[in-house]
Amino acid sequence: MTKTPDTPAPCPGMGDIHHNNPEEPVEQLPRRVPELVVTCEPCVTQCDQSPHGPTTGPHHPDEESICSDSGLSGSPASSLELRKLSNASSAGLSPASSFEECEEDLMGYGECNSQTLTQDGGLFPGEPVTTDLWKKSKAMVNWSPPSVPVRKRSPWVQVVGHAGNFQTDSDGRLLKKYCECEQLCFLQLMSDRLRPFVPAYYGVTQREEQDYNLMDDLLADFDSPCIMDCKMGSRTYLEEELKKARECPQPRKDMYEKMIAVDPHAPTAEEQAQQAVLKTRYMQWRETLSSTATLGFRIEGIKKTDGTCNTNFKRTKYKDEVVQALEDFVDNNMLILKNYQQRLKELRIVLGNSDFFKAHEVVGSSLLFVHDQTGKAGIWMIDFGKTVPLPSPLSLDHRSPWAEGNREDGYLWGLDNFIDILTSMLPEK
Ligand SMILES: O=P(O)(O)O[C@H]1[C@H](O)[C@@H](OP(=O)(O)O)[C@H](OP(=O)(O)O)[C@@H](OP(=O)(O)O)[C@H]1O
Ligand SMILES: Nc1ncnc2c1ncn2[C@@H]1O[C@H](COP(=O)(O)OP(=O)(O)O)[C@@H](O)[C@H]1O
């Protein structure tokens, strides 16, 4: 996840930060589109992993809540409390219910309206920022929208994660509260083999004095999509967090409450006396309760076409329970299941050849599964708020069991298990 630090600070070694204002009107110039706002603004330091301080975290036990389609779009994220969208179960939400009006837009809008730096310092629409282009400044673009039929765009839906972290823009892109760690990952990913498996990244933008990472909305090309968020890996906290917890323990009341909401007997006598638990203890408990420890991934949330949303998977631990959730997610559609299996197999090959993946500990990152009734299906990696570079010459095989110090994340172990489960669900040829 990503957190928004309070104090902006200069970005070391990043060159100019380019703030794309997504609301900037597009001026039509011959063979040019308007100047991208390119200023050197302060950016923010490393994500704050623990903003709530000791015992003062937000009170958000495992209460019923929603998959957020609830008005995040366009509303100032800063005005909303940052909290997890946790444990809604089959809430029967209409995806459009509390969203702002859907906008009329161009077919494939995600590919047309975005502005990007090009080699010669100009801008091409629809091309994401790449690392080597990042330093180019003061660019101009010329582009007129092609004449294509219009369609209603489905509103963006957030399945899990911190409420208030996201906003949408009128070009079908997503603004996620700025996190330097995530920005650095995206910049590298834009020129890595993994690029087709992550949302295209467009740099940093600002809205109401808040910095955001700007990326493609992966739902943009789907009609009333079904969405599933699966957190990958055998561990969901960084080794660094463990170290900090030892050096400076910060018991969390909010996590204690989330814990007892699921299992009143889970806290130890000492934790009960304190009415608080350490974050790493909470995370480890979540891992063993769910399939993270046994399968190397866990389902976080599922939102179906009919608007129903379920984030009540904390106890989904065993293979047969995962199978049941997946069957329900694809509505027993074997074509979609096959598409997902193929996509995961492709991802596994690309991960094996990715320089980025070799050099990073990937923790707390999710795979976002998206399909719709047409049979179209896609899977992308999201959430790089806790994906950190490894100190050279360390590299991971992403399959070995974790032991403190080896930094293994179990990502490929989880992916292998996921593929095996999908394969077992498909009819034999
Ligand atoms: O899913 P539940 O049980 O609610 O627990 C959440 C998730 O593990 C979050 O990870 P993610 O955002 O990857 O889903 C984590 O944020 P971090 O990523 O910051 O560790 C939250 O920590 P806090 O934000 O510290 O509460 C933790 O409370
Ligand atoms: N690029 C994207 N396109 C569409 N939906 C996204 C995208 N990134 C995130 N989401 C939605 O937001 C949710 C939370 O995303 P995540 O990056 O994990 O946020 P957090 O850091 O707050 O946990 C996901 O479950 C998904 O529903």
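Keep in mind it's a predicted model, so treat the numbers as computed, not measured. (Residues numbered from 1 in each chain as written. Chains lettered and ligands numbered in written order. Predicted model: local features only at pLDDT ≥ 70, side-chain atom pairs only at ≥ 80, totals over all residues.)

Examining the nonpolar core
Logical step 1: Among the nonpolar cores identified, the biggest contains 76 residues, and Leu219, Ile227, Phe369 and Val370 are the most heavily contacted of them.
Logical step 2: Of the residues forming this core, the biggest block, 6 residues, is contributed by helix 10 (residues 411-425).
Logical step 3: Beyond its immediate stretch of four places on either side in the chain, Ile227 contacts Val157, Val159, Leu219, Lys303, Leu368, Phe369 and Val370. (Core = buried A, V, L, I, M, F, W, Y, C linked by C-beta atoms within 7 Å. Buried ≥ 20, exposed ≤ 12 C-beta atoms within 10 Å, placed from the backbone. Helix = DSSP H or I, 4+ residues; strand = E, 2+ residues; numbered from the N terminus. Contact = placed C-beta atoms within 7 Å.)

What about the pairing of strand 11 (residues 201-207)?
Logical step 1: Across the 7 residues of strand 11, 6 count as buried, placing the element largely inside the fold.
Logical step 2: Looking at chain direction, strand 11 and strand 12 (residues 210-216) are connected through 5 bridges and run antiparallel. Opposite Gln206, over in strand 12, you have Asp211 as the bridge partner.
Logical step 3: Between strand 11 and strand 12, which follow one another and run antiparallel, lie 2 residues, and Glu208 among them has a positive phi close to 45°. (Pairing = 2+ DSSP bridges.)

Focus on the sheet that holds strand 17 (residues 366-371)
Logical step 1: Across the sheet, 5 strands lie side by side as 15-14-13-17-18; this open sheet has antiparallel pairing. A single partner strand is all that each edge strand has here, and the edge strands are strand 15 (309-310) and strand 18 (377-382).
Logical step 2: Those strands touched by helix 7 (residues 319-330) are strand 13 (226-232) and strand 14 (297-303), and its axis lies near 30° from that of strand 14. (Axes fitted to C-alpha atoms, helices over the stretch in contact; angles between N-to-C directions.)

Focus on the pairing of strand 14
Logical step 1: Burial analysis of strand 14 places 7 of its 7 residues in the buried class, which makes it a mostly covered element.
Logical step 2: Here strand 13 pairs with strand 14 via 6 bridges, running antiparallel. Among the inter-strand pairings, Asp229 is bridged to a residue of strand 14, identified as Gly301.
Logical step 3: Sheet analysis places strand 14 next to strand 15, joined by 2 bridges and oriented antiparallel. Its bridge partner being in strand 15, Lys303 is matched across the sheet by Cys309.
Logical step 4: Here strand 14 hands over to strand 15 after 5 residues, with Gly307 in that stretch at a positive phi of 95°.

Quick notes on the sheet that holds strand 9 (residues 166-168)
Logical step 1: Strand order in the open sheet formed by 4 strands is 9-10-12-11, with antiparallel pairing between adjacent strands. Across the chains shown, the open sheet's two edge strands, defined by having one partner strand only, are strand 9 and strand 11. Here the average twist between neighbouring strands, direction ignored, is 30°.

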